[in-house]
Amino acid sequence: MAAVTAAVVGGAMVVAGTVKAIQGGKDKKKAKNKQKAAEQGLKDAQNALKAVDTSNPFEDAKNAYEGLDNKMAGLDNKMSGLDNVYDDAENKFADMENKFKGQKNAMEGMENAFEDLTVNTQQAEFEAQQNAQNQANIMSSMAGAAGGSGIAALAQSMANAGAMQAQKASASIGAQESANQAKAAGAEQDIQSKIASEQSRLDTQERQTDMDIQKTQMSAEDAMQSARLGEESRLQMAEATEASKLQMAEAQEASNLQMAEAQGEMEVQQLKGDGQLQAAGLEMQKQNSLMQSSMSQAQMAAAEKQAGDEKMWGGIGDAISGVGKIFSDRRLKENIVKIKYSDSGIPIYHFNYIGEEQTWSGAMAQDLLELGKEKAVGNKNGYYTVDYNLIDINMKKVTPSPLKQLGKTPQEQMKKQKSMTEAGLDIIGGATKRKNWEELQLDIKEIEPPSMKRRKLLDKVLREKDRKGWDAGSQTNLPKGYADCGFELIKIYKKDMKKALKNEDEKAKGVVKTQLAKLKSAVDVVREAIAEFYEDQFDTETLLSKGVSQQQISFATQMYCQNPDLKVVYAVEADVLAGMSDYYGNIVEEESMYCIVYDFYDNPVMINVFDGNKDMFIRNNLKAMEYINFLNETFQQAQEANAGKEAVKIDLGRIDYFINTLFGFNDGTASKEQDELILMFCHDSEVLRDGSTFRRHLYEHPNIDNLNYGGFDWDKLEFGLPLGPGDKGHWADNIDRFDKLLLVDAIVNVDHEFFNMKLLRTLVKEYYTYKIENAWWKGMGYPEGKIEVMRLKIKALTKDRFKKEKAEAAKNGMLKFVFDGEVYPTGMTKAKVKKQEDDRAKAAEKANPQPNVKETK
């Protein structure tokens, strides 16, 4: 740094750098002219768009069918009192006789043929004789051989054999007797059985005949009764049917007449509503055309800003909201009713001009003067006027819908009272919201380090001092640092010139003249840079984006304001050889001029004199108009879809394409212009002109923990913050108010050490995508906040969706499934899948059993 001094002998600055700086300044001025031309077109289109009545024209439609009389009520029953013509019918089967009664049993008195059976003794007698003969033969042949001692034994043996033979004969006779008895008993039983069976058959036949007779008698009575009733009913039904037809015809005709009248009334209301919708649609198309026309004019580089039409008192009835200066003096109005406040705190009234019936909505000039908004107030013929282009409200007609013009009803009065109450609540809520936002601004500043606060305060003092001279139209002067450095250089050039004159060295004279010319060019470029800085900072209609680096604004303030502490130096060859670099990391250039300024942390840094306005980009109103046009087109398409018979799905692909084209991708292909658009849409409330920005959205987010744009996850952000109250292992365990301020600042502040353009691009793209989706939602007739409530619960909804898709995949026997582009296991294994398939097969077989069909040959 010591080598960089104001007394450097080196000549002038590089010509190429000077030319480039001059051209850059001209290009920026040209761009500003284009944007200013587009600015007015943007205001006109947005203000006119707000005036379009998109309310529901059918809101107060009456049900023309309500209260219709039932023409069928009270009809007489023509069937009552009918006589039964079959009452005296006689049953011809009543005295039928049972011809089977008293039949005799033909089996009764049968005799038992086996009762007197006798026993046959011939066989027994023959066997006894044969046995006696056998014993005699044995004794004769055995007498001699047995001797005296064996005779007794032999006799005994023969006696025993005889006894046995006698018993055998007796048994044979007994067996015959038993058989005879069995046959006799069996025959007796058979006779009794046949007698009983025959008797039972006769009894059954007699009872069955009695039942048949009784059934025949009853059937005859039933047939007689049916015939009697049928004949009489047929005659009476014919008479009643004819009477009913006549009565129904009369009731139907009366009903048709009444329905036709009601249908006519409904069609009238439908035509009125359709007419209003069509008018609103045409107005929307007209305003879109106006915005497109404004864009085309801006793109053709119109040099002048479109002047607002100044409205005279006689032409106030033709006033269009937001265009020109309009009489808005309280002294010219009556029936003044305050309804709410604008986002900037301006009261909004309903009123009519004295002597006129037309009701208007707008501001009071006296309020603007009290609020310090003098620039929006003018004077015409002794009365105040208001330039609505300079405030955030529009003057517009208050026109009731065609249906409401039919006349006041108690329902309309109740609704009006409810609307007034809601307006009052909005006013109270709006005041609280503004107060909270103002207090939040103080909290945001509190997180700044002391050195940053001190530097910003010094810069503010420098700008305020120069603003007074700029407002007064004073000539732009170079700060003292440039003059001091320039005088030192001129002294050197004088010495060189004297030497060249003394030596009559024409070449040396030419070098000195060239150096003086370069110095003059450099001074002119710096003057232009200072003028550009003043215009950006002091112009009430400045186009400078609020997304510009505050550190860069601080550098420019120190470089281009009348800063007594500014030092301006030249770089020499030694500085280049030493590798000295400026604040942006560029190696210093020999013979180039640099300013010594301080950053937000009291560190001295070098900035090239041409880089004071570096990256000071202006709002791109053309792109803002493109976005608003797309928003309006989406809303209009939703209205058209809502008017159809079937709902139409939103074209998400079309929205994604538009957003990606507008803001770029995070793959390194985004242009510098797209980066500037990200910062512009993040910081500038002028984009939508409703006071909203993405930055404010983050600060006011009711539950920042649930912020989930683009899969955004606080836990993955490493800001190096220490653990705070409620934190256990990570700074994001408990995101308190202080954490929230630090986090939002890191996300949206381009000067923050952890600022990441890719992250901000992701968040801004999704935020403004949701704006378009909400426009569709609103156009379809649903409350805009419904989607926002769902998004606040997005983490819980995502978990539920994950569980549902996981369960569905497991149910289908999948081992893995895809969820939001990632692959996850279902918890199923091959064994579980096999068991699942077997269970399903068994269940299917049980539910649909196959028939057991035997094969036939």
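Residues numbered from 1 in each chain as written. Predicted model: local features only at pLDDT ≥ 70, side-chain atom pairs only at ≥ 80, totals over all residues. Heavy atoms only, no water.

Trainee: When you look at the overall build of the chain in this model, what are you seeing that I'm missing?
Mentor: A count of helical and extended segments in the chain gives 18 helices and 12 strands. Contacts in the chain between residues at least 24 apart in sequence constitute 71% of all its contacts with a sequence separation of at least 6. When the accessible surface of the chain is split by element, carbon and sulfur atoms take 53% of a total near 51600 Å². (Helix = DSSP H or I, 4+ residues; strand = E, 2+ residues; numbered from the N terminus. Contact = heavy atoms within 4.5 Å. Areas by Shrake-Rupley, 256 points an atom, 1.4 Å probe, with all protein chains shown as cover.)

Trainee: In this structure, what is going on with the packing of aromatic side chains? I would like to understand it.
Mentor: For any two aromatic rings, the description comes down to two numbers: the centre-to-centre distance and the angle of the planes. In this structure the tally under the stated criterion is 21 aromatic pairs. Both rings, one in Phe-663 and one in Tyr-768, keep their centres 6.5 Å apart while their planes meet at 40°; by these two values the pair is tilted. Residue Phe-663 is located in helix α11 (residues 652-663), and its partner Tyr-768 is located in helix α15 (residues 757-779); the two are separated by 105 residues in the primary sequence. With respect to burial, Phe-663 and Tyr-768 carry one shared label: buried. Residues Phe-817 and Tyr-824 carry aromatic rings whose centres are separated by 6.1 Å and whose planes lie at 40° to one another, so their mutual orientation is tilted. When its relative accessible area of 30% is taken as the criterion, Tyr-824 is described as partly exposed. Put simply, the rings of Tyr-627, Phe-630, Phe-658, Phe-663, Phe-681, Phe-694, Tyr-767 and Tyr-768 pair up and form one aromatic cluster. Lys-765 extends its terminal NZ or CZ atom over the ring of Phe-665, reaching a point 5.1 Å from the ring centre. (Phe/Tyr/Trp six-rings, centres within 6.5 Å; stacked < 30°, edge-to-face > 60°. Buried < 20%, exposed > 50% of the residue type's maximum accessible area, 1.4 Å probe, protein only. Lys NZ or Arg CZ within 6 Å of the ring centre and 35° of its normal.)

Trainee: Help me understand helix α10 (residues 621-643), please; the structure alone is not making it clear to me.
Mentor: In an α-helix there are 3.6 residues to a turn, and that puts residues three or four apart on one side. For α10, with 23 residues, the first-to-last C-alpha span of 33 Å sits near the 33 Å given by 1.5 Å per residue. The N-cap residue of α10 is Asn-620: its side-chain oxygen and the backbone nitrogen of Leu-622 are 3.3 Å apart. (Expected span 1.5 Å × (residues − 1). Polar contact = N/O pair within 3.5 Å; in protein donor to acceptor, adjacent residues only side chain to side chain.)

Trainee: I'm lost on the sheet that holds strand β7 (residues 396-397) in this one. Help?
Mentor: Pairing between the strands of a sheet comes from backbone hydrogen bonds, and it takes one of two forms, parallel or antiparallel. Read from one edge of the open sheet, four strands run β2-β3-β4-β7, paired in antiparallel fashion. Of all strands in the sheet, those with a lone pairing partner are β2 (333-341) and β7, marking the two edges. In terms of strand pairing, strand β4 (residues 360-362) meets β7 through two bridges, oriented antiparallel. Counted as the bridge partner of Ser-361 is Lys-396 from β7. (Pairing = 2+ DSSP bridges.)

Trainee: Just to check I follow, could you spell out the packing of helix α12 (residues 672-683) against α15 for this structure?
Mentor: Helix-helix packing: each pair is described by the crossing angle between the helix axes and the interaxial distance. Relative to each other, α12 and α15 sit at 60°, their axes nearing to 10 Å. Here α12 lies oblique to α15, going by the angle between them. Note that α12 runs across α15; the crossing there is left-handed. Every residue of α15 that contacts α12 at Gln-674, Asp-675, Ile-678, Leu-679, Phe-681 and Cys-682 is listed here: Met-757, Leu-760, Arg-761, Val-764 and Tyr-768. Split by residue class, the contact of α12 with α15 holds eight nonpolar, one polar and two charged. (Axes fitted to C-alpha atoms, helices over the stretch in contact; angles between N-to-C directions. Parallel < 35°, antiparallel > 145°, perpendicular 65-115°, else oblique. Left-handed = near helix turned anticlockwise from the far one by under 90°. Nonpolar A, V, L, I, M, F, W, Y, C, P; charged D, E, K, R; others polar.)

Trainee: What's the story with a nonpolar patch on the surface in this structure? I'm lost.
Mentor: Nonpolar side chains collect at one region of the surface, where Phe-487, Ile-490 and Leu-516 lie side by side and expose about 260 Å² of accessible area between them. Mapped onto the fold, Phe-487 is located in helix α6 (residues 480-502). (Patch = residues over 30% accessible without salt bridge, like charges linked within 9 Å, V, L, I, M, F, W, Y side chains within 5 Å. Salt bridge = Lys/Arg side-chain N within 4 Å of Asp/Glu carboxyl O.)

Trainee: Can you help me understand the sheet that holds strand β10 (residues 604-608) in this one?
Mentor: In spatial order, the strands read β8-β9-β10; together these three strands make up an open sheet with antiparallel pairing. Because the sheet does not close on itself, it has two edges, and the strands there are β8 (567-570) and β10. Direction aside, neighbouring strands of the sheet carry axes that sit 35° apart on average. In this sheet, strand β9 (residues 593-598) lies alongside β8 in antiparallel orientation, the contact comprising four bridges. Looking across to β9, one finds that Val-569 is bridged to Tyr-594. In the packing of helix α8 (residues 550-560) onto the sheet, the strands contacted are β9 and β10, and the crossing angle to β9 comes to about 115°.

Trainee: Explain the packing of helix α5 (residues 450-471) against helix α7 (residues 506-538) here, please?
Mentor: One way to put it is that α5 packs onto α7 with a least axis distance of 11 Å and a crossing angle of 100°. In terms of their interaxial angle, α5 and α7 are classed as roughly perpendicular. Two secondary-structure elements touch here, α5 through Arg-463, Asp-466, Arg-467 and Trp-470 and α7 through Phe-533, Tyr-534, Glu-535, Gln-537 and Phe-538. The residue makeup of the contact of α5 with α7, split by class, is four nonpolar, one polar and four charged.

Trainee: Explain α11 to me, please; I cannot follow it from the model alone.
Mentor: The end-to-end C-alpha separation of α11 is 16 Å, in line with the 16 Å expected for 12 residues at 1.5 Å each. Along α11, the residues that are buried comprise Ile-655, Phe-658, Ile-659, Leu-662 and Phe-663. All buried residues of α11 project into a common sector of 105° when viewed along the axis, lining one side. Downstream of α11 by one or two residues, Gly-664 has phi in the positive range, about 85°. (Arc of directions from axis to C-beta.)

Trainee: Explain the pattern of salt bridges to me, please; I cannot follow it from the model alone.
Mentor: Note that side chains of opposite charge can pair when their charged atoms are close. Under the definition given, this model contains 21 salt bridges. Between Lys-456 and Glu-448 there is a salt bridge, with the nearest N and O atoms lying 2.8 Å from each other. For Glu-448, a relative accessible area of 16% corresponds to the buried category. Residue Lys-509 pairs with Glu-506 through a salt bridge whose shortest N-O separation is 3.2 Å. Of this pair, Lys-509 and Glu-506 are both found in helix α7, three residues apart, which corresponds to roughly one turn of the helix.

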